[in-house]
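Below, each chain spelled out in residue letters.
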Amino acid sequence: MIFNPAEENEYEAACDLFVHRFDRWARENGIDADPFVAEAALEYRHIGTPDGRLGLWDQRHIEEFLLDWVPRSVTVLPDEEPADAPGTLRALLRYLDAVHLADPRGASLSEGLEAVEAAAPRYADAMADRSRWGMAKFWVTTAAEQGVDVHDEQALQDFVARAQREEVTYDPEVLQAVVERQLRSSGPVRSEPQLPIALPGDDVLREQAERSPVLRQLRGLAEWAGREGRALTGSGRLRLSDARELAERLDTGDSPDSVRSSADLPRLNLLVEWAKTARLIRVAKGKLYVVAKAEPVLNDPLGLWRRAFDAFRELRGPVRGARGGRSGNSVLSAYDAYDAYDVYDVILPDVLATLYSLPYPMPWPALRDTVHLAHRSRSLLGAFATFEQADDDLRTVLAVLESLGAIECHWGMADPVFADPATSENDIAGWAGIPTEDDGDPETSPGVLPGMPTGRAGLLGDVLSDDALLDGALLDEEATRRARKLKSELSAGPVELILLTDLGSDSVRRRLLAEGRDAPLIGELAQAPAAGLLGVLADDYDPESARAELAGWIAVHGARPAALEQLVHTVRTMPFRTRAEAMLDVLVSSLDDGERLLRSLRSDPSLAPTALSLLARREILSPEDLTEPESLLMVAESLLQLCEATGADRMREVLHQQGREVEEALRAALASGHPDREGLTILQALAERVSRERKAHVALVRQRGHRENGRRGGKRRR
């Protein structure tokens, strides 16, 4: 259950429907729940978290919502009692579970309720802590405390004007804390969705990690340092004799014979800093020691590899030095002096996220040019670096990652999706990263090739939304020339191809999940409830991955007929019409005999409307193939889905605009025998309301007409 940030109308309609049904469910079950808090919870997951998944809640989401989002954004006026947000969140988690909308990758219901219980005692203090408030909440509450009717727009505007003239009393220390907190937290950016990936088990990953040259070197360095320690120079460096011995022992590739200081052995220095950062060795009292507590991880190849990978992001300086001491400015540290922007910290994660989940290797020229776009859009080139230096830096980083075993590089022809995007000028501009007239689709990032999985947009997403692009920084002939050159380069012959290894994909995925981003893994849903499985497949999986995931699920759920009956039953019990159709759609699309299953459901008392809708949408059935009862069911299903997708208010507008034809369709729907009695009740209420409004409108027109006729008659008499 997820909506693109640009789908605000769709999100609002779904949110209204969800909250309405949640509120009624709570009242029917004697649960005291606040619909406003439920709406705030959905808003938090929609715009306040990177993944935006409304049905996925784990401990961090629960704590952040109760202890940060609600205190910051939910205003409590002086004469009001704070809402019971913990109680409402408990009810919301139960409702998500009851209507099969809970994402199985989040906490279980019991785990979620335990997390609420753990956070609840801190909720009141968090709400009372004014330093946690947002700016709008601070000023609205201040106005209310000073007697301003905040529901009176003019009164509130007058208060704002007085505040701007510094005629309002407020606590400056609290305001400063609010401002500082707001500056520190710019809010999450919705992450690009990643395609599901398949990974081997830890045993296979452990075997692969054992073959990493870097792991052998890190272990050798830790063993050399030992518990007795190795003496360092007064400046904290390896002694030259030790450095020469160690460079040969570890086979770093340095040339130790002609150097005068261990500082001139860049690759050895990289390993030493890497081991320090990974907490394998430490410096104490002028000596280099192995960390005693590191012994278990040194003996675990996979654990050591993961720790080394995590430490890599902190090695900007040492990695730069590993190129052999090249002088000159570097984009790896372009803005270090101003502490304003660190390309190593920003571009490297995006490069890894771009390589992640690609079903084919990334050509070096394509990766190189997307990084060029990043540098250009942020104006990092000029006084600080050149494109050649950017290429050098990127190649240095990739070389270290290859030595670690995170990526593989080989030569071959680029996949056609890179080499042959299109031939039109508009498509060339899109490949260059220039917004085009076809870029209005909110689901597709500018510059993404046809057929390109959305994971590749990770690097381009922020770049192409930068103001520099809108200012015309890339809208020039040179950009088009680069696009043509890139296409030619990719088509001319073999190029260097780059892809993440299983180890690299595993660690990038772990990092994405730690950042709150979504990173589906084929096989992780094998034990999920049937509803959770189909919901995630419908939201996140491409067709091939969905087939693999579904096959794995069926394999562990007994005999195939029984497993399929579980899946069909969960669609049958889904109360939301559009969700039910999406679940059935992904089910039949992921089965070899899916069409046969879909046809068999044509006569199912509960699923017939959903099955008929899919059969018609897939053009398996035409209107002429439907019986009269089936036609009525189709009309009802269409109206019910329209009502869910647009909301009751928008549906009422449609009914007013369409007139008699829609009234007839409504009558047909209400007489169709559709199994969704609740939905029909909503349609009935809408139809009655529209009928009353139309009659009132007609009566008003007639009344006006009589008055006008009377006035005209009077004038004629005079």
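For clarity, every value in this text was computed on a predicted model and none was experimentally measured.

Colleague: Go over the pattern of salt bridges with me, naming the residues and quoting the values.
Modeller: Under the definition given, this model contains 45 salt bridges. Between Asp 506 and Arg 306 there is a salt bridge, and its shortest N-O distance comes to 3.0 Å. On the criterion of sequence distance, the pair formed by Asp 506 in helix α24 (residues 502–514) and Arg 306 in helix α14 (residues 301–312) is long-range, its members being 200 residues apart. Just as Asp 506 is buried, Arg 306 falls in that class too. For Glu 565, the salt bridge goes to Arg 572, with nearest N and O atoms at 3.4 Å. Judged by its relative accessible area of 43%, Glu 565 is partly exposed. Given the relative accessible area of 25%, Arg 572 is considered partly exposed. Residues participating in the shared-partner salt-bridge network are Arg 53, Asp 103, Arg 105, Asp 518 and Asp 540.

Colleague: Requested: an account of the sheet that holds strand β3 (residues 287–290), with residues and values cited.
Modeller: An order of β1-β3-β2 is seen for the three strands of this open sheet, with the pairing classed as antiparallel. A single partner strand is all that each edge strand has here, and the edge strands are β1 (230–231) and β2 (281–284). Across two bridges, β1 lies against β3 in antiparallel orientation. Across the sheet, residue Arg 230 finds its bridge partner in β3, namely Leu 288.

Colleague: Pulling in residues and values, what's your account of a negative patch on the surface?
Modeller: A cluster of acidic residues, Glu 8, Glu 10, Glu 12, Asp 16, Glu 39, Glu 43 and Asp 649, forms a negative patch at the surface. Contributing elements (two or more residues each) for the negative patch: α1 (8–28) and α2 (35–47). With four residues, α1 is the largest single contributor of residues to the negative patch. Among the secondary structure elements, Glu 10 is positioned in helix α1.

Colleague: Can you explain the side chain of Ser 590? Please cite residues and give values.
Modeller: Along the chain, Ser 590 falls in the loop between α28 (577–589) and α29 (594–600). Among the polar contacts listed, one links the side chain of Ser 590 to the backbone oxygen of Val 586, at a separation of 2.7 Å. With residues near it in sequence (within four places) discarded, Ser 590 still touches Ala 546, Arg 547 and Leu 550.

Colleague: If you had to explain the layout of surface pockets to someone new, which residues and values would you point to?
Modeller: By volume, the second largest pocket amounts to about 450 Å³. Lining the second largest pocket are 22 residues, with Pro 196, Ile 197, Ser 357, Leu 358 and Pro 359 positioned closest to its centre. Taken together, the elements giving at least two residues each to the lining of the second largest pocket come down to β6 (495–500), α24 and α26 (543–555). When the residues that make up the lining of the second largest pocket are grouped by side-chain class, the tally is 15 nonpolar, four polar and three charged.

Colleague: Residue-level account of the sheet that holds strand β5 (residues 407–412), with values.
Modeller: Judged by pairing direction, the sheet is antiparallel, and its three strands sit side by side in the order β4-β6-β5 without closing on themselves. Whereas interior strands pair on both sides, the edge strands pair on one side only; in this sheet they are β4 (362–363) and β5. Of the strand pairs in this sheet, β4 and β6 are connected by two bridges, and their pairing is antiparallel. The residue of β6 that forms the bridge with Met 362 is Ile 498.

Colleague: An account of the pairing of β2 is needed here, citing residue identities and associated values.
Modeller: For β2 and β3, the ladder comprises four bridges, and the chain directions are antiparallel. Following the sheet pairing, Val 283 is matched in β3 by Leu 288. Adjacent in sequence and paired antiparallel, β2 and β3 are bridged by two residues, among which Lys 285 carries a positive phi angle near 50°.

Colleague: Just give me the short version of the packing of helix α25 (residues 530–540) against α26, but keep the residues and values in it.
Modeller: It is at 10 Å that the axes of α25 and α26 come closest, and there the two elements cross at 170°. Taken together, the axis directions place α25 and α26 in an arrangement best described as roughly antiparallel. Residues Ala 530, Leu 533 and Leu 537 of α25 form the contact with α26, whose participating residues are Ala 546, Glu 549, Leu 550 and Trp 553. Considering only residue class, the contact of α25 with α26 consists of six nonpolar, no polar and one charged.

Colleague: With reference to specific residues and values, describe the packing of aromatic side chains.
Modeller: The full count for this structure, using the stated rule, is 15 aromatic pairs. When the ring of Phe 22 is compared with that of Tyr 95, the centres are 5.7 Å apart and the planes differ by 65°; the resulting orientation is edge-to-face. Residue Phe 22 is found in helix α1, and its partner Tyr 95 is found in helix α4 (residues 85–98); the two are separated by 73 residues along the sequence. With respect to class, Phe 22 is no different from Tyr 95; both count as buried. Considering the side-chain rings of Trp 25 and Tyr 95, the 5.3 Å spacing of their centres and the 55° angle between planes classify their relative orientation as tilted. Within this pair, whereas Trp 25 is found in helix α1, its partner Tyr 95 is found in helix α4, the two being separated by 70 residues in sequence. Considered together, Trp 25 and Tyr 95 belong to a single accessibility category, that of buried residues. Just above the ring of Phe 576 sits the side chain of Arg 21; from NZ or CZ to the centre is 4.8 Å. The cationic tip of Arg 395 hangs over the ring face of Trp 364; the distance from NZ or CZ to the ring centre is 4.0 Å.

Colleague: Quick rundown of the packing of helix α3 (residues 59–73) against α4? Include the residues and the values.
Modeller: Between α3 and α4, whose axes approach to 11 Å, the crossing angle comes to 145°. In the packing of α3 onto α4, the handedness of the crossing is right-handed. From α3, Ile 62, Phe 65, Leu 66 and Val 70 reach across to α4, where they touch Ala 85, Pro 86, Leu 89 and Leu 93. Class assignment of the residues belonging to the contact of α3 with α4 gives a composition of eight nonpolar, no polar and no charged.

Colleague: Outline the confidence of the model for the protein chain, supporting the account with residue identities and numerical values.
Modeller: Predicted confidence across the protein chain gives a mean pLDDT of 81, with 81% of residues reaching 70 or more. When mean pLDDT is compared element by element in the protein chain, α4 scores highest at 96, while helix α21 (residues 457–464) scores lowest at 35. Per-residue pLDDT stays below 50 along residues 324–341; that stretch engages in 44 contacts with residues further than four places along the chain or on separate chains. Taken as a whole, residues 712–718 scores under 50 in pLDDT and shows zero contacts with residues more than four places along the chain or in a different chain.

Colleague: Help me get a handle on the pairing of β6, residues and values and all.
Modeller: The element β6 is extensively covered by neighbouring structure, given that five of its six residues are classed as buried. Relative to β6, β5 runs antiparallel, the two sharing six bridges. Among the inter-strand pairings, Glu 408 is bridged to a residue of β6, identified as Leu 499.

Colleague: Please give an account of unusual backbone geometry that cites residues and values.
Modeller: Even without being a glycine, His 100 presents a positive backbone phi close to 65°. Positionally, His 100 belongs in the loop between α4 and α5 (109–128). The exposure class assigned to His 100 is partly exposed, which follows from its relative accessible area of 30%. Backbone geometry at Asp 251 places phi at a positive 55°, although glycine is not the residue there. By the secondary structure assignment, Asp 251 is in the loop between α11 (240–250) and α12 (266–277). For Asp 251, a relative accessible area of 55% gives the class exposed.

Colleague: Before we move on, could you go through the nonpolar core and cite the residues and values that matter?
Modeller: Of all hydrophobic cores here, the largest spans 83 residues; its most connected members are Phe 18, Phe 22, Trp 57, Phe 65, Leu 66, Leu 567 and Leu 587. The greatest single-element share of this core, amounting to eight residues, is contributed by α1. Setting aside residues up to four positions removed in sequence, Leu 587 forms contacts with Leu 534, Leu 550, Leu 567, Val 568 and Leu 597. If you look at the next biggest cluster of nonpolar residues, it comprises 76 residues, including Trp 364, Ala 366, Leu 367 and Val 508.

Each value, and the rule that gives it
Residues numbered from 1 in each chain as written. Predicted model: local features only at pLDDT ≥ 70, side-chain atom pairs only at ≥ 80, totals over all residues. Heavy atoms only, no water. Salt bridge = Lys/Arg side-chain N within 4 Å of Asp/Glu carboxyl O. Helix = DSSP H or I, 4+ residues; strand = E, 2+ residues; numbered from the N terminus. Buried < 20%, exposed > 50% of the residue type's maximum accessible area, 1.4 Å probe, protein only. Pairing = 2+ DSSP bridges. Patch = residues over 30% accessible without salt bridge, like charges linked within 9 Å, V, L, I, M, F, W, Y side chains within 5 Å. Areas by Shrake-Rupley, 256 points an atom, 1.4 Å probe, with all protein chains shown as cover. Lys, Arg positive; Asp, Glu negative; His and termini not counted. Charge placed at Lys NZ, Arg CZ, Asp CG, Glu CD. Polar contact = N/O pair within 3.5 Å; in protein donor to acceptor, adjacent residues only side chain to side chain. Contact = heavy atoms within 4.5 Å. 1 Å grid on protein atoms, 1.4 Å probe; cavity = no way out; pocket = protein on both sides within 12 Å on 5 of 7 lines; lining within 4 Å. Points joined across faces, edges and corners; volume = space filled by probe spheres on them. Nonpolar A, V, L, I, M, F, W, Y, C, P; charged D, E, K, R; others polar. Axes fitted to C-alpha atoms, helices over the stretch in contact; angles between N-to-C directions. Parallel < 35°, antiparallel > 145°, perpendicular 65-115°, else oblique. Phe/Tyr/Trp six-rings, centres within 6.5 Å; stacked < 30°, edge-to-face > 60°. Lys NZ or Arg CZ within 6 Å of the ring centre and 35° of its normal. Left-handed = near helix turned anticlockwise from the far one by under 90°. pLDDT = per-residue confidence, 0-100. Core = buried A, V, L, I, M, F, W, Y, C linked by side-chain atoms within 4.5 Å.

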